[in-house]
Amino acid sequence: VISAGLGLFAFQQRQAAVANAAEAQNVALVAGSQAALANDDTDAALTLAWQAVSLNPDSALAQAQLSEAAYAPGTVRRFVGHTDLVGHVAISPDGQSLLSGSDDNTVILWDLQTGEILHRLEGHSEFIKIVAFSPDGRTAASVSDEMAILWDLQTGQIIRQFDGHEKIMSGLAFSPDGQSLATASRGDHSVVSQREVETGEIKQRFEVNTGAEDIHFTPDGSAILYGSDDDGALRLIDTQSGHIIRELKADYGVGSGALERVVISPDGRTAIAGFANSEMLLWDLVTGELIRRYPVDGGATAVAFHPDNGSALVGGITGLLRAIDLETGDILQTFTGHTEIILDAAI
């Protein structure tokens, strides 16, 4: 009886030791998750919290930390399917799907909620520079050096191809009403063209003095804004006449690097220019005045306006994506997950 009692006691002690060790590991995992979350490393925070819950599914502490990590700003989903660098992305008007263009010469249409590939769009023979959804979300366009392609997103088939007329294609944008597609091309002379989406015919063609790289319609469709790699300036041209309405140019300095991204605010009143090495600039499109300069560690190679909270997403060569308050310049949030240069961002 004494021997059996001692054996039972030893067993209970051993079980208690195992439980204590498991609880200590659980607490350590939760603490590690909390530290990672405080350091804006949501991926690590999720991993550690998930391990803690797996170790002890009944731990209220681990469950609470997993919930906090899951709903914190950070990575929600990774989209894996391209075989080379992804250079441009766009989110559909209804927020349900994602387009991505890659150096593997393909465009992929993704389900934003599940990460599944809906269509792999093939037709380019060179890397994809820009992708865009039409305003109704039924079609999309993509551009590479040699051509622009209009796609049917229901079938994944090519509707129409537009060549560069012996020039290098460098940009595209749908008009707000979806009736026109503006394209930019570079050669002996840089050209901005407007084409009828329905027929593919060029209805207007404007020669511009400097290279047009990143083009956008204003929300009312009355003007096209484009950025120039030649001098780093932004130019706003009238969609009917092609005349320059406003030229936005500053003393950039030799350290700014190439103009990488141009975006227009949802209300059409401001625009951001992102430069490769050091900063982004916020311009007033109504007055042509420079509102603010934002020094950006790692440059501003990817920029996106938030639709309603007065901030912008900015990514650069460091692989960090930051949310910046445009009024104060404060960094509101830093998102980790990328390990190389961020080339584009969309909200």
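Residues numbered from 1 in each chain as written. Predicted model: local features only at pLDDT ≥ 70, side-chain atom pairs only at ≥ 80, totals over all residues. Heavy atoms only, no water.

A. Structural detail: the overall build of the protein. When you go through the protein residue by residue, the secondary structure sums to 3 helices and 24 strands. Its C-alpha atoms give the protein a radius of gyration of 26 Å, clearly above 20 Å, the size a compact globule of 347 residues would have. Overall, the C-alpha framework of the protein stretches about 105 × 45 × 30 Å when taken along its three principal axes. Residues classed as buried in the protein amount to 46% of the 347 residues present. Just so you have it, the protein exposes about 17100 Å², and 50% of that area is on carbon and sulfur atoms. Side-chain charges in the protein split into 20 positive and 47 negative, and the spacing between the mean points of these groups amounts to 2 Å. (Helix = DSSP H or I, 4+ residues; strand = E, 2+ residues; numbered from the N terminus. Rg over C-alpha atoms; globule rule 2.2 N^0.38 Å. Buried < 20%, exposed > 50% of the residue type's maximum accessible area, 1.4 Å probe, protein only. Areas by Shrake-Rupley, 256 points an atom, 1.4 Å probe, with all protein chains shown as cover. Lys, Arg positive; Asp, Glu negative; His and termini not counted. Charge placed at Lys NZ, Arg CZ, Asp CG, Glu CD.)

B. Local environment of the pairing of strand E24 (residues 331-335). When strand E23 (residues 321-325) meets E24, the two strands line up antiparallel, connected through 4 bridges. In the sheet register, Ile324 faces E24, and the bridge partner there is Ile331. Between E23 and the antiparallel strand that follows it, E24, lie 5 residues; Gly329 among them carries a positive phi value of about 85°. (Pairing = 2+ DSSP bridges.)

C. Layout of the pattern of salt bridges. By the definition in use, this model includes 6 salt bridges. Notably, a salt bridge pairs Arg235 with Asp231, separated by 2.6 Å at the nearest N-O pair. With a relative accessible area of 21%, Asp231 lands in the partly exposed category. The closest approach of N and O atoms between Asp344 and Arg261, which form a salt bridge, is 3.4 Å. Of this pair, Asp344 sits in the segment after E24 while Arg261 sits in strand E17 (residues 259-264), and the two are 83 residues apart along the sequence. (Salt bridge = Lys/Arg side-chain N within 4 Å of Asp/Glu carboxyl O.)

D. View of the layout of surface pockets. Here the largest pocket defines a volume of roughly 1800 Å³. The wall of the largest pocket is formed by 43 residues, among which Arg77, Arg78, Phe79, Leu321 and His338 lie closest to the centre. Elements with a contribution of two residues or more to the lining of the largest pocket: strand E1 (86-91), strand E2 (97-102), strand E22 (311-315), E23 and E24. Taken together, the residues of the lining of the largest pocket break down into 23 nonpolar, 15 polar and 5 charged. Lining the second largest pocket are 37 residues, and of these Ala90, Ile91, Phe133, His216 and Ile264 sit closest to its centre. Those elements that provide at least two residues to the lining of the second largest pocket are E1, strand E5 (128-133), strand E9 (168-174), strand E13 (214-217), E17 and strand E21 (302-305). (1 Å grid on protein atoms, 1.4 Å probe; cavity = no way out; pocket = protein on both sides within 12 Å on 5 of 7 lines; lining within 4 Å. Points joined across faces, edges and corners; volume = space filled by probe spheres on them. Nonpolar A, V, L, I, M, F, W, Y, C, P; charged D, E, K, R; others polar.)

E. How the structure looks around the confidence of the model for the protein. In this model, the protein carries an average pLDDT of 89, and 95% of its residues clear a pLDDT of 70 or more. The least confident element of the protein, judged by mean pLDDT, is helix H1 (residues 2-38) at 78; the most confident is strand E3 (residues 106-111) at 98. (pLDDT = per-residue confidence, 0-100.)

F. Up close: the nonpolar core. In terms of nonpolar packing, the biggest core is built from 15 residues, with Leu225, Leu234, Leu259, Ala273, Trp283 and Leu285 touching the most fellow members. Secondary structure elements with two or more residues in this core: strand E14 (223-227), strand E15 (234-238), E17, strand E18 (270-275) and strand E19 (279-284). Sequence-distant contacts of Leu225, that is, excluding residues within four places in its chain, are made with Asp214, Ile215, His216, Leu234, Arg235, Leu236, Val262, Ile264, Ala271 and Leu285. (Core = buried A, V, L, I, M, F, W, Y, C linked by side-chain atoms within 4.5 Å. Contact = heavy atoms within 4.5 Å.)

G. Quick look at helix H3 (residues 60-70). Those residues of H3 lying buried are Ala62, Gln65, Leu66 and Ala69. Here the buried residues of H3 occupy an arc of 100° about the axis, which is enough to place them on one side. (Arc of directions from axis to C-beta.)

H. Representation of the sheet that holds strand E7 (residues 147-152). Here 4 strands make up an open sheet; going across it, the order is E5-E6-E7-E8 and the pairing antiparallel. The open sheet terminates on both sides in strands that have one partner only, identified here as E5 and strand E8 (157-163). Across this sheet, the average inter-strand angle for adjacent strands is 20°, counted without regard to direction. As judged from the 5 bridges shared by strand E6 (residues 139-144) and E7, these two strands associate in the antiparallel manner. Bridge pairing in E7 places Ser142 opposite Ile149. (Axes fitted to C-alpha atoms, helices over the stretch in contact; angles between N-to-C directions.)

I. Molecular detail of helix H2 (residues 42-55). Relative to the 20 Å expected for 14 residues at 1.5 Å per residue, H2 spans 20 Å between its end C-alpha atoms, a close match to the ideal helical length. Those residues of H2 that sit buried are Thr42, Ala45, Ala49, Ala52 and Val53. The buried residues of H2 occupy one face: seen down the axis, they fall within an arc of 95°. (Expected span 1.5 Å × (residues − 1).)

J. Focus on the packing of aromatic side chains. Tallying each qualifying case throughout the model produces 1 aromatic pair. Residues Phe79 and Trp110 carry aromatic rings whose centres are separated by 5.4 Å and whose planes lie at 75° to one another, so their mutual orientation is edge-to-face. Highlighted residues: Phe79 in the loop between H3 and E1 and Trp110 in strand E3, separated in sequence by 31 residues. (Phe/Tyr/Trp six-rings, centres within 6.5 Å; stacked < 30°, edge-to-face > 60°.)

K. Local environment of the sheet that holds E2. If you trace the 4 strands from one edge of the open sheet to the other, you get E1-E2-E3-E4, paired in antiparallel fashion. Both outer strands of the open sheet, E1 and strand E4 (117-122), are each paired with one neighbouring strand and no more. Across the sheet, the axes of successive neighbouring strands diverge by a mean angle of 20°, strand direction being ignored.

L. Structural view of the environment of Gln65. Here Gln65 is to be found in helix H3. In this structure Gln65 comes out as buried when scored by relative accessible area, which is 3%. Not counting residues up to four positions away in its chain, the partners in contact with Gln65 are Val30, Ser33, Gln34, Leu37 and Ala49.

M. Up close: unusual backbone geometry. Here Asn105, not a glycine, exhibits a phi torsion of approximately 75°, which is positive. With respect to the helices and strands, the residue Asn105 is situated in the loop between E2 and E3. Judged by its relative accessible area of 23%, Asn105 is partly exposed.

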